[in-house]
Amino acid sequence: MKRLWLASLAIFGCGSLGLWFVHSLVSSQVSVSSQVAPTQQPTVFASPSASVTQGVPKYQVYSLPNSEIHTVTIAPQSQFKVSIALSPKLEPIEQFGKSMNAIAALNGGFFDPKNEKTTSYITKNGKVVSDPNTNDRLMKNPDLQPYLPQILERSEFRQYKCGEKIQYAIAARSAVAPSGCQLIDAIGAGPQLLPRLTAKQEGFVDEMVGRDSIGVTQRNARSAIGILKDGSVILVMAAQKPDAPQNSGMSVQAMTGFLQRLGVEQALNLDGGSSSSLIYKDQTFYGKVDKDGKAVSRAIKSAIVVHE
């Protein structure tokens, strides 16, 4: 069953250019369905080159023993906004960046690499433009039948228009928009990482049958998006180490702990592994490395882009 699941989802993509560095961020093991305990804020060492123009998204790198984590933070008062990009065919992340003249882009939701169809809902301008119900390899897979209600209800990153303001949130697919707000864009993925890890509730993990469809407890390249208390949005991509390709990256649990240390209050896991990739300005960083330590580039279905 696990092999069939992995075949139907593109679940899992190396850069090491650093501006900021953080050391010794080791996450303790937690239950896949439990609240994550608060942890101490990391010590950050900044170089003078880390300063950025006010309003421009801030790029940072955190060097950990088992991974190199790239982040881009977009302040709520910034002239840059966060949007969803979807392609009818699989394309490299660079193409998503170019098509929207983006300053930053991060790989998005899950998809099927064989038929190039989505396995996640995507909404743009208030309309569903990508529906997993149209993907027969997902909907008619007998091994996934017990989990379809959970798969179709998975969490998504959302953009609301609340009067004249834009707000971001992470919510379950069926959640209604807050009063006075209209849902504009959304991209599904999962599981939700914060305020609590919902891998079991969203059908990624079933402890009764030993199911762990995205390797929650295993190190791999990972991508995530989070929201801080002040409303800032943070794009996160954890890359494997070229000198340890078989045993590096982050587990989903470790990613949760890392985001919590940064002060993230809401967070969503995105497609990972070979799909993990991030663009900032004219640089592309890949998360996955092969057995020889070389970066793996993979075409993807959707992306989260940052543009003016």
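Residues numbered from 1 in each chain as written. Predicted model: local features only at pLDDT ≥ 70, side-chain atom pairs only at ≥ 80, totals over all residues. Heavy atoms only, no water.

> Got a sec to walk through helix 5 (residues 252-261)? Specific residues and values, please.
Think of an α-helix as 3.6 residues a turn; residues three or four steps apart then line up on the same face. With ten of ten residues buried, helix 5 lies mostly within the body of the structure. All of the buried residues along helix 5 are V252, Q253, A254, M255, T256, G257, F258, L259, Q260 and R261. Buried residues in helix 5 make contact with strand 3 (58-63), strand 4 (68-74), strand 12 (192-194), strand 15 (222-228), strand 16 (233-239) and strand 17 (264-269). Note on helix 5: the residue one or two positions beyond its end, G263, has a positive phi of about 90°. (Buried < 20%, exposed > 50% of the residue type's maximum accessible area, 1.4 Å probe, protein only. Helix = DSSP H or I, 4+ residues; strand = E, 2+ residues; numbered from the N terminus. Contact = heavy atoms within 4.5 Å.)

> Outline the sheet that holds strand 11 (residues 181-188), listing residues and values.
Backbone-to-backbone hydrogen bonds pair the strands of a sheet. The strands run either parallel or antiparallel. One open sheet holds the five strands; their spatial order is 8-7-11-9-10, and the pairing between them is antiparallel. In this open sheet, the two edge strands, each paired with only one partner strand, are strand 8 (127-130) and strand 10 (165-172). Looking at each pair of strands side by side, their axes are set apart by 35° on average, direction ignored. (Pairing = 2+ DSSP bridges. Axes fitted to C-alpha atoms, helices over the stretch in contact; angles between N-to-C directions.)

> Any chance you could break down the pattern of salt bridges for me, citing the residues and the numbers?
Close approach of charged atoms allows side chains of opposite charge to pair. Across all of its chains, the model carries four salt bridges by this definition. For K241, the salt bridge goes to E68, with nearest N and O atoms at 3.4 Å. Highlighted residues: K241 in the loop between strand 16 and helix 5 and E68 in strand 4, separated in sequence by 173 residues. Accessibility expressed as a relative area gives 16% for K241, which makes it buried. Under the relative-accessibility criterion, E68 is labelled buried at 7%. (Salt bridge = Lys/Arg side-chain N within 4 Å of Asp/Glu carboxyl O.)

Just distances and angles here, no functional claims.
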